[in-house]
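# Reading the structure
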Amino acid sequence: MTGHHHRADEGCDALAPESAYAAALGPVAETTAVTRLQSALRHDGVPRASLEREYRLRRAALADRQALHSRDEHDIAEAARTAYELLAFDLADGRFALGPAGPGSPAWQASARPYVRQEYERWAQLTDGGRDAMVKEPRGN
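Conventions adopted
- Residues numbered from 1 in each chain as written.
- Predicted model: local features only at pLDDT ≥ 70, side-chain atom pairs only at ≥ 80, totals over all residues.
- Heavy atoms only, no water.
- Helix = DSSP H or I, 4+ residues; strand = E, 2+ residues; numbered from the N terminus.
- Buried < 20%, exposed > 50% of the residue type's maximum accessible area, 1.4 Å probe, protein only.
- Contact = heavy atoms within 4.5 Å.
- Areas by Shrake-Rupley, 256 points an atom, 1.4 Å probe, with all protein chains shown as cover.
- Salt bridge = Lys/Arg side-chain N within 4 Å of Asp/Glu carboxyl O.
- pLDDT = per-residue confidence, 0-100.
- Expected span 1.5 Å × (residues − 1).
- Polar contact = N/O pair within 3.5 Å; in protein donor to acceptor, adjacent residues only side chain to side chain.
- Phe/Tyr/Trp six-rings, centres within 6.5 Å; stacked < 30°, edge-to-face > 60°.
- Lys NZ or Arg CZ within 6 Å of the ring centre and 35° of its normal.
- Core = buried A, V, L, I, M, F, W, Y, C linked by side-chain atoms within 4.5 Å.

## Details of the overall build of the protein
When helices and strands are counted, the protein shows five helices and two strands. Here the protein holds 141 residues, and the buried ones make up 46% of them. Restricting to contacts in the protein with at least 6 residues of sequence separation, those with at least 24 account for 61%. For the protein, the computed accessible surface area is about 7700 Å², with 53% contributed by carbon and sulfur atoms.

## As for the pattern of salt bridges
Overall, the coordinates contain 11 salt bridges when judged by the stated rule. Across the pair E54 and R58 runs a salt bridge, and its minimum N-O distance is 2.9 Å. In this pair, E54 and R58 both sit in helix α3 (residues 49-70), four residues apart, roughly one turn of the helix. Considered together, E54 and R58 belong to a single accessibility category, that of buried residues.

## Describing the confidence of the model for the protein
Confidence in the prediction for the protein averages 81 pLDDT; 80% of positions are at 70 or higher. Per-element confidence in the protein ranges from a low mean pLDDT of 38 for strand β1 (residues 4-7) to a high of 96 for helix α4 (residues 73-93). Here residues 1-13 scores under 50 on pLDDT; set against residues more than four positions off or in separate chains, the count is 31 contacts. Every residue in residues 135-141 is under pLDDT 50, and counting partners more than four places away or in other chains gives eight contacts.

## Brief notes about α4
With 21 residues, α4 extends 30 Å between its outermost C-alpha atoms, agreeing within 8% with the 30 Å of an ideal straight helix rising 1.5 Å per residue. Where α4 is buried, its residues meet α3 and α5 (113-127). You can read the cap of α4 off the contacts: a side-chain oxygen lies 3.0 Å from the backbone nitrogen of H74, and it is on D72. Count one or two residues on from α4 and you reach G94, which has phi positive near 80 degrees.

## What to know about the packing of aromatic side chains
Scanning all chains against the criterion turns up four aromatic pairs. Ring centres of Y120 and W123 lie 5.3 Å apart, and the angle between their planes is 50 degrees; this geometry places the pair in the tilted category. Here Y120 pairs with W123, and both are found in helix α5, just three residues apart, close to one helical turn. Note on Y120: relative accessible area 0%, which makes it buried. Linked through ring pairs, Y21, Y120 and W123 together constitute an aromatic cluster. The positively charged end of R65 is found above the aromatic ring belonging to Y21, 5.9 Å away from the centroid.

## Details of the nonpolar core
Y21, V116 and Y120 are the most contacted members of the largest nonpolar core, which totals 18 residues. Those residues in contact with V116, other than ones at most four positions away along the chain, are Y21, L57, A60, A61, A83 and L86. Residues L37, A40, L41 and L62 belong to the second largest nonpolar core, which totals seven residues.

## Examining the environment of I76
Assignment of secondary structure puts I76 in helix α4. By relative accessible area, which is 33% here, I76 ends up partly exposed. Between the C-alpha atom of I76 and that of R113, which follows or precedes it by 37 residues, the distance is 9.9 Å.

Here's what the structure looks like:
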């Protein structure tokens, strides 16, 4: 069951971070996973949309978690930026949205961070918090 709470700074009935990130890897392991995804995207040449989407989702979720923890203005701005990048990616592609409210929903007008939480929670349910989605190191020829 998902939890919701109202956050004045997010302008909507946002998914509670505790619920959204309950199955998430720890910050160090998640940072490593995001770095591996970024590396795989660079080595593949032409990014596969699903790999790019996972990278954008996990990077945005990691930034959101950092902002929630630190409350630092820079971290909050980074969380907002990466959240809108995920939202824009999903609007442009349209294949990967997992939650009940799609990327075009007016619910995300005030902030895209709740969209990240919605998408991460559903993605984590499908991948055991990313444990089933680990990216292998790129292999050389």
